Structures are given as C-alpha cells and as structure tokens.
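Read off the chains here:
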Amino acid sequence: MPNSPTSTDAPWEYTLYIPHDPRAVTVSRRTLRLILTLHGLLPLSETAELVATELVSNAVRHTKGPAALRLRWAGRVLRIGVWDADPTPPAPPLSASASAEAENGRGLDLVRNCTDGWGWYQLSSNGNSGKFVWCELASIGA
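Asks: Explanation requested: the overall build of the protein in the structure shown.
Replies: Each helix and strand counted, the protein has three helices and five strands in total. What you see in the protein, going N to C, is helices and strands ordered as β-α-α-β-β-α-β-β. A buried classification covers 42% of the 142 residues belonging to the protein. Intrachain contacts of the protein at a sequence separation of at least 6 include 62% that bridge at least 24 residues. Carbon and sulfur atoms make up 55% of the accessible area of the protein, which totals about 8,200 Å².

Here it is, written out as structure tokens:
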C-alpha cells in the first residue's frame, strides 16, 4: 500500500517550535519518536533520537532564544534539522586526534559519526536570522 497513511514512501515534513527551556529537549525527543512510529520508521528512531537530542540540546544550551526542530522524510532519507536564532557557527566536530576525555565538542562528532551526512547554514531572509544545523539518516529497508 504505497499511499497508506503509514507508508514510508510518501514525503512529509513536521516542524516543532520550542521555547528556550531545557524541557524542550525531552519534548522534542518524544515528539520525534511518536512521528517516526506513526510513519512506520521505528527502526530509525534510536539514532534519530540521539542526534536530535544533541542538536536541540546545543540550541537550548548555547543560544538565548527560541528554536525549532524540523523533520523531513523524502526519497527514503530522514533529515533532522534544528533552527535557532543565533547565527554563530556551531563548534566543529572533534578531530580524530582529540582526546576522548574532552568535556566539550563531542556532540557534533557524535552527529557526524552516527549519520549519513550533516551540515549547517546561516539564515538571513524574510526577517529570519540564525542558523540551521541538519543531519540525514538514510533508510535501508524501512
């Protein structure tokens, strides 16, 4: 049933606007799991939750304004993105030679290692500003 409501072939997109509040991380993670479950993509949920938690946590921890979590499914790829109002680039992932005991900077390293791609870009159009940090998970057999 390629056009059923739980089909993994039909594209979709959700955006969850979140306040600058540490509880937003849990709300985002649980909302993401619910969306993936309802779309028949539960096999992606563990990794998706991990990387979304990191991206939302960074937005809440390192910025002062609201943020948004965006999930997009198209072409059997899940794109997870987080917008925040601060245009400052995210800290780069740790290099391979960085210490395993480092207390900062491991989050985007985790995102890089657990996904099929990631990146970020600054936003400055239509009165919006800030940045959008994203990552992608390709589905195999979903």
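Asks: Is there a simple way to think about the pattern of salt bridges in this case?
Replies: Scanning the model with the defined rule gives seven salt bridges in all. Residue Arg 23 pairs with Asp 21 through a salt bridge whose shortest N-O separation is 2.6 Å. Taking relative accessible area as the criterion, Asp 21 reaches 18% and is therefore assigned buried.

Asks: I tried to follow helix H1 (residues 23–38) on my own but got confused; where do I start?
Replies: Every α-helix winds through 3.6 residues per turn, so residues three or four apart in the chain are directed the same way. Its 16 residues place the ends of H1 23 Å apart at the C-alpha level, agreeing with the 22 Å of an ideal helix rising 1.5 Å per residue. Residues of H1 that are buried: Ala 24, Val 25, Ser 28, Leu 32, Ile 35 and Leu 36. For H1, the angular spread of buried residues about the axis comes to 100°, placing them on one side. For H1, the exposed residues lying more than 90 degrees away from the buried face are Arg 23, Arg 30, Leu 34 and Leu 38.

Asks: Sorry, what's going on with the side chain of Asp 21 here?
Replies: Looking at the element boundaries, Asp 21 is found in the loop between strand S1 (12–18) and H1. Within the local environment of Asp 21, its side chain forms a polar contact with the side chain of Arg 23, the two groups lying 2.6 Å apart.

Asks: So what exactly am I meant to see when it comes to the nonpolar core here?
Replies: Considering soluble globular proteins, one finds that nonpolar side chains tend to be buried as a cluster. Grouped together as the largest cluster of nonpolar side chains are 28 residues, with contacts concentrated most on Trp 12, Leu 55, Leu 78 and Ile 80. Counting only elements with at least two residues in this core, the list comes to S1, H1, helix H2 (45–62), strand S2 (67–74), strand S3 (77–84), helix H3 (106–114) and strand S5 (128–138). The element best represented in this core is H2, accounting for seven residues. With near-sequence residues (within four places) excluded, Ile 80 lies in contact with Leu 32, Ala 48, Val 51, Ala 52, Leu 55, Leu 69, Arg 70, Leu 71, Val 133, Trp 134, Cys 135 and Leu 137.

Asks: What am I meant to see in the packing of H1 against H2 here?
Replies: Helix-helix packing is described using two parameters, namely the angle between the two axes and the distance between the axes. Across the interface, H1 lies against H2 with an axial gap of 9 Å and an inter-helix angle of 150°. When the interaxial angle is binned, H1 and H2 end up roughly antiparallel. Viewed along their axes, H1 and H2 form a crossing whose handedness is right-handed. Between H1 and H2, the contacting residues are Ala 24, Val 25, Ser 28, Arg 29, Leu 32, Arg 33 and Leu 36 on the first element and Ser 45, Ala 48, Glu 49, Ala 52, Thr 53, Val 56, Ser 57 and Val 60 on the second. Per-class residue counts for the contact of H1 with H2 are eight nonpolar, four polar and three charged.

Asks: Would you take a moment to explain the pairing of S2 for this structure?
Replies: A regular strand places its side chains on the two faces of the sheet in alternate fashion. Here S1 runs beside S2; their pairing, made up of seven bridges, is antiparallel. Paired with Glu 13 across the bridge in S2 is Arg 72. Relative to S3, S2 runs antiparallel, the two being bridged by eight bridges. The residue of S3 that forms the bridge with Arg 70 is Gly 81. Joining the antiparallel neighbours S2 and S3 is a turn of two residues, in which Gly 75 adopts a positive phi near 60°.

How each quantity is defined
- Residues numbered from 1 in each chain as written.
- Predicted model: local features only at pLDDT ≥ 70, side-chain atom pairs only at ≥ 80, totals over all residues.
- Heavy atoms only, no water.
- Helix = DSSP H or I, 4+ residues; strand = E, 2+ residues; numbered from the N terminus.
- Buried < 20%, exposed > 50% of the residue type's maximum accessible area, 1.4 Å probe, protein only.
- Contact = heavy atoms within 4.5 Å.
- Areas by Shrake-Rupley, 256 points an atom, 1.4 Å probe, with all protein chains shown as cover.
- Salt bridge = Lys/Arg side-chain N within 4 Å of Asp/Glu carboxyl O.
- Expected span 1.5 Å × (residues − 1).
- Arc of directions from axis to C-beta.
- Polar contact = N/O pair within 3.5 Å; in protein donor to acceptor, adjacent residues only side chain to side chain.
- Core = buried A, V, L, I, M, F, W, Y, C linked by side-chain atoms within 4.5 Å.
- Axes fitted to C-alpha atoms, helices over the stretch in contact; angles between N-to-C directions.
- Parallel < 35°, antiparallel > 145°, perpendicular 65-115°, else oblique.
- Left-handed = near helix turned anticlockwise from the far one by under 90°.
- Nonpolar A, V, L, I, M, F, W, Y, C, P; charged D, E, K, R; others polar.
- Pairing = 2+ DSSP bridges.

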